[in-house]
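Chain and residue survey
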Amino acid sequence: MSQLLNGLNDEQLAAVTHKDGPLLVVAGAGSGKTKALTVRIAYLMEQGVLAREILAITFTNKAAKEMKTRVQKLLEEQGGETAPNGKILTPAIGTFHSIGMRILRREIEILGREKDFTIFDTTDTKSLARTMLKERNVKTEILNPAGLLSRISSLKNDMISPDQAIEVAQNYRDVIVAECYKKYQATLLTTNAVDFDDLILLPVQIFQDFPEVLAKYQHWWKYIMIDEYQDTNFLQYRFAQLISQKHKNICAIGDSDQSIYKFRGADLSNILNFQKEYKEGKTVILNKNYRSTKNILLAADAVISQNTDRIEKTMTTDNEQGADITILELSDEREEANTIFDEIVKHQNNNGLLSDIAILYRTNVQSRALEEAALRHAIPYTIVGGLKFYARSEVKDILSYLRFIKNGNDSVALERIINVPTRKIGKKSIDGLKNFALLKKIEWGKMLSHVSAAEGISPIAKKQMMLFDAMIHDFRAKEKTEKLSELISEVIEKIKYEEMLEKKYGLGSEESVSRNDNIRELISVARKYDTIEPGDALTLFLEEVALISDLDTLDEEQKSKNGEIIEKEAQVTFMTLHSSKGLEFPTIFISGAEENIFPSSRSFSNPENLEEERRLMYVGITRAEKKLYITFANSRMLYGDIQYNSPSRFIAEIPVEICDGNYFSSRDMGSQFAREEIKTVSHDFKTNDTISHKKFGMGTIVNIEGDILTISFQEVGEKRMVASIAPLTRVNMDIDGDFM
């Protein structure tokens, strides 16, 4: 037997060794799915399948990177297929978008498009959407840019063209969407750009319209593996179907119980109908969990078994029975947050790591009370899904310069940078240039070289535009000969961007230093492309930037300013339940488990949506390795109002015999919390109270204004603090003034 098969359980072995024909692998949470998938790739190659004949598709760059690393290691250990230079050959492994991009770089000319297209990211498409809606005088209450882009994305993922969208429009909003969709696509075409949906849509269109191109890729990729199949939308399903329809060697890996992205277009029926579509196929269920305790799995199975649209399975594990599920009933969101962090402090006092803990919630707005509690307890934390590096304005500015250097048709990038830093080129002058370009029927970015003939532009603006155009042409020449990091450094220096930040935020200020650090980090990122041929390096760099997604950097080590690796600071992780998918922590808190919040009130009228909420609870529960807490509050300040909600129905679905916590005792004697009068302050401090602060030591409260306390500290004098977040403890003293 192949050494690759050592250590696999029976179900993993069945998944790995199935070679020809359709295969559905139903992979429960923590069941060793990635191991089975990577060993399967190596095993196929050991059985004579060539590296170029295998295509593996994942949903995130992080997952693709991990898969590549694991496969590479397995192949090196087994002595896999090698190139003439002796290098181990690995299959094509990537996301739908990255694979689609590779296809388009080779084939897009068949559609009459150019190969050096730009990829518009979210900021670019929002800018374009905002412009289109403004041109049509559409009020935001009717349709905003995000809503428009969501509708366009849905149309693309359902493979509905702009003309078809106009035909099926049923109301005023549909008509606006269809008209904007048509203009949106026309703009992408004239600027030689594509959006993220196009990276899959255009390859599918090529495959459908040009059978000879499809046949070429079917010949290359005889074995197809799709990870997280439950998250595929129609367009992704169609891509996989077309590629695999000749040889039928499609392996779909996923879990119907973890399908939580319907709002992004994920179609649960893709995995539910796999067995119907491929009647000759085989199904393997990976139901042995290597992550969680028996009690956590019992809770998860009890909840998810209430759903009907699923592939039935029951998880098992050799792990210990483990601690009971702790369910806590609290009076309000403040007490809920404080209780959670009281438990975290206990964990910390028992030498537990903060990085072992994650707090999950249904919506981002719930983090406010938790953040305040973290500050009060002086516990460091990180929020997954905050502003990302490539979304920061200073980084976007430099990237827009690079994009316009690479693609002179990228008018979105040009509009961002033409007056950054300021060049006295106002909106009126920019509009004048655009109108001149429209009159001449030339893309307005190319009119910079002819601006002297334009009307409606001030002489100063004309001069600045010509200087800007000359500078860009100089950068384009250097881009063909210089290392990428050197080019970026020259751009930053030439436009005096760091000086602009210092003028705007103050020389040496924390803000200017932080923002300058960000653009310096961009140079550090670019250095890995310095060994690539100038000209190609910038294209690859911009592609990588466009494809990066938010969770990919969660486990990355933080870097110091000089580029050296430093140890990541211990901190509690905050995130939404959706963001938690694919992650695991020894201890999990699921907060806000209340009707109308989790499950969301929007799910009550639709059984399918309610089942998705239950799948979301299943995902949250199965993130826990050893300990799970579920908390809810009888009243909660949310969206500016006080809500009084019942405990989530999901709590009642967990067997009581594996639970502990105050919820059960309070149920026996009636709720221990009455609906109290709403307090105007979040504390019970009084003037002259003696307090202790974790940093400033002992002090006395000398004045209270609502939540604002004025405290006279023995060491540092008076300070004003917000009671809801300051780490303060009241100190009891006897009548002689000594500590009790």
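Residues numbered from 1 in each chain as written. Predicted model: local features only at pLDDT ≥ 70, side-chain atom pairs only at ≥ 80, totals over all residues. Heavy atoms only, no water.

**Thoughts on the overall build of the chain**
Assigned secondary structure in the chain consists of 28 helices and 24 strands. Within the chain, counting contacts between residues at least 6 apart in sequence, those at least 24 apart form 74% of the total. Looking at the chain as shown, the accessible area adds up to about 34700 Å², and 49% of this sits on carbon and sulfur atoms. (Helix = DSSP H or I, 4+ residues; strand = E, 2+ residues; numbered from the N terminus. Contact = heavy atoms within 4.5 Å. Areas by Shrake-Rupley, 256 points an atom, 1.4 Å probe, with all protein chains shown as cover.)

**Topic: empty space enclosed by the protein**
Under the counting rule described, the total for this entry stands at four cavities of 30 Å³ or more. Approximately 220 Å³ is the volume attributed to the largest cavity. Along the walls of the largest cavity sit 17 residues, with Thr 118, Ile 119, Arg 403, Leu 542 and Glu 543 positioned nearest its centre. Among the secondary structure elements, those contributing two or more residues to the lining of the largest cavity are strand 4 (118–119), helix 17 (393–406) and helix 24 (536–547). Split into classes, the residues belonging to the lining of the largest cavity amount to six nonpolar, four polar and seven charged. Estimated volume of the second largest cavity: approximately 50 Å³. The wall of the second largest cavity is formed by Ala 15, Val 16, Val 25, Lys 33, Ala 36, Leu 37, Arg 40, Ile 253 and Leu 286. Looking at the lining of the second largest cavity, the elements that each hand over two or more residues are helix 1 (10–17) and helix 2 (33–46). (1 Å grid on protein atoms, 1.4 Å probe; cavity = no way out; pocket = protein on both sides within 12 Å on 5 of 7 lines; lining within 4 Å. Points joined across faces, edges and corners; volume = space filled by probe spheres on them. Nonpolar A, V, L, I, M, F, W, Y, C, P; charged D, E, K, R; others polar.)

**A short note on helix 6 (residues 145–157)**
Taking 1.5 Å of rise per residue, the 13 residues of helix 6 would be expected to cover 18 Å, and the 18 Å separating its terminal C-alpha atoms lies within 8% of that figure. Taken as a whole, helix 6 has its buried residues at Pro 145, Leu 148, Leu 149, Ile 152, Leu 155, Lys 156 and Asn 157. In this structure, the buried residues of helix 6 make contact with helix 5 (122–135), helix 7 (162–168), helix 8 (172–190), helix 9 (198–209) and helix 11 (234–244). Just beyond helix 6, the residue with positive phi is Met 159, at close to 60°. (Expected span 1.5 Å × (residues − 1). Buried < 20%, exposed > 50% of the residue type's maximum accessible area, 1.4 Å probe, protein only.)

**A few points about the environment of Met 575**
Note that Met 575 resides in strand 14 (residues 572–576). As a C-alpha pair, Met 575 and Arg 362 span 213 residues in sequence and 8.8 Å in three-dimensional space.

**Comments concerning the sheet that holds strand 2 (residues 54–58)**
Strand order in the open sheet made by the six strands is 3-2-6-7-1-8, with parallel pairing throughout. A strand with exactly one partner marks an edge of an open sheet, and here the two such strands are strand 3 (92–95) and strand 8 (282–286). Geometrically, the sheet is characterised by an average inter-axis angle of 15° between neighbouring strands, direction not taken into account. With four bridges connecting them, strand 2 and strand 3 associate as parallel partners. Of the residues in strand 3, the one forming a bridge with Leu 55 is Ala 92. Its contacts with the sheet place helix 1 against strand 1 (23–27) and strand 8, and it is angled at close to 145° to strand 8. (Pairing = 2+ DSSP bridges. Axes fitted to C-alpha atoms, helices over the stretch in contact; angles between N-to-C directions.)

**Here we look at the pattern of salt bridges**
Evaluation of the coordinates by the stated rule reveals 37 salt bridges. Its salt-bridge partner being Glu 228, residue Lys 33 comes within 2.8 Å of it at the nearest N-O pair. Of this pair, Lys 33 sits in helix 2 while Glu 228 sits in the loop between strand 6 (223–226) and helix 11; the two residues are 195 residues apart in sequence, bridging distant segments of the chain. Each member of the pair Lys 33 and Glu 228 is classed as buried. Between Asp 397 and Arg 416 there is a salt bridge, with its nearest N and O atoms 2.8 Å apart. Separated by 19 residues along the polypeptide, Asp 397 in helix 17 and Arg 416 in helix 18 (residues 411–417) bring together distant segments of the chain. (Salt bridge = Lys/Arg side-chain N within 4 Å of Asp/Glu carboxyl O.)

**Side note on the pairing of strand 1**
The buried fraction of strand 1 is high, at five of five residues. Alternating residues of strand 1 divide into Leu 23, Val 25 and Ala 27 and Leu 24 and Val 26, and every residue in both groups is buried. Alignment of strand 1 against strand 8, held across five bridges, turns out to be parallel. The residue bridging Val 26 from the neighbouring strand is Ile 285, located in strand 8. Sheet topology note: the strand 1/strand 7 (residues 250–254) ladder contains four bridges and is parallel.

**Observations concerning the pairing of strand 14**
For a regular strand, the rule is simple: side chains alternate between the two faces of the sheet. Summarising burial for strand 14: five of the five residues are buried, a large majority. In strand 14, alternate side chains face the same way, and those of Val 572, Phe 574 and Thr 576 on one face and Thr 573 and Met 575 on the other are all buried. The sheet contact formed by strand 12 (residues 357–361) and strand 14 spans four bridges and is parallel. By the bridge assignment for strand 14, Tyr 361 is matched with Thr 576. For strand 13 (residues 381–383) and strand 14, the ladder comprises three bridges, and the chain directions are parallel. Within the sheet, the bridge partner assigned to Ile 383 lies in strand 14 and is Phe 574.

**Points about the sheet that holds strand 11 (residues 325–330)**
Across the sheet, seven strands lie side by side as 13-14-12-15-16-11-19; this open sheet has parallel pairing. Edge positions in the open sheet fall to strand 13 and strand 19 (659–660), since each of these has one partner strand only. Here strand 11 runs beside strand 19; their pairing, made up of two bridges, is parallel. Paired with Thr 326 across the strands is Asp 660, a residue of strand 19. Strands strand 11 and strand 16 (624–633) of the sheet are contacted by helix 14 (residues 294–304), whose axis makes an angle of about 50° with strand 16. This element, helix 26 (residues 607–621), spans strand 12, strand 15 (585–590) and strand 16 of the sheet and lies at about 140° to strand 15.

**Some thoughts on the packing of aromatic side chains**
A complete count under the given rule lists 18 aromatic pairs for this structure. With 6.4 Å between their ring centres and 55° between their planes, Tyr 401 and Phe 468 make a pair best called tilted. With Tyr 401 in helix 17 and Phe 468 in helix 20 (residues 459–479), this pair connects stretches of sequence that are 67 residues apart. Overall, the relative accessible area of 0% leaves Tyr 401 in the buried class. (Phe/Tyr/Trp six-rings, centres within 6.5 Å; stacked < 30°, edge-to-face > 60°.)

**A look at the confidence of the model for the chain**
When pLDDT is averaged along the chain, the result is 86; 88% of the residues meet or exceed 70. By mean pLDDT, the top-scoring element of the chain is strand 15 (98), and the lowest-scoring one is helix 28 (residues 662–668) (61). Counted against residues more than four places away or in other chains, residues 549–568, with its pLDDT under 50, gives 29 contacts. (pLDDT = per-residue confidence, 0-100.)

**A few points about the side chain of Lys 462**
Positionally, Lys 462 belongs in helix 20. If sequence neighbours within four positions are ignored, Lys 462 has contacts with Val 451, Ser 452, Ala 454 and Ile 457.

**Quick notes on the side chain of Asp 301**
Among the structural elements, Asp 301 can be located in helix 14. Arg 310 is the oppositely charged side chain nearest to the buried, salt-bridge-free Asp 301, at an N-O distance of 5.3 Å. (Lys, Arg positive; Asp, Glu negative; His and termini not counted.)

**Examining unusual backbone geometry**
Residues Val 420 and Pro 421 are joined by a peptide bond in cis, for which omega reads -10°. Each neighbour pair has its own omega, and for Phe 598 with Pro 599 the value is 15°, a cis peptide bond. Note that Pro 599 resides in the loop between strand 15 and helix 26. One non-glycine residue, Asn 192, lies in the positive phi region at around 55°.

**Re the environment of Ala 146**
One can find Ala 146 in helix 6. For the pair Ala 146 and Lys 126, spaced 20 residues apart in sequence, the C-alpha to C-alpha distance is 6.7 Å.

**Quick look at the packing of helix 9 against helix 10 (residues 211–220)**
Following both chains from N to C, one finds helix 9 and helix 10 inclined at 110°, their axes separated by 5 Å at the closest point. With respect to each other, helix 9 and helix 10 are oriented roughly perpendicular. Of helix 10, the residues touching helix 9 (which contributes Ile 206, Phe 207 and Asp 209) are Pro 211, Val 213, Leu 214 and Tyr 217. For the contact of helix 9 with helix 10, the per-class residue count stands at six nonpolar, no polar and one charged. (Parallel < 35°, antiparallel > 145°, perpendicular 65-115°, else oblique.)

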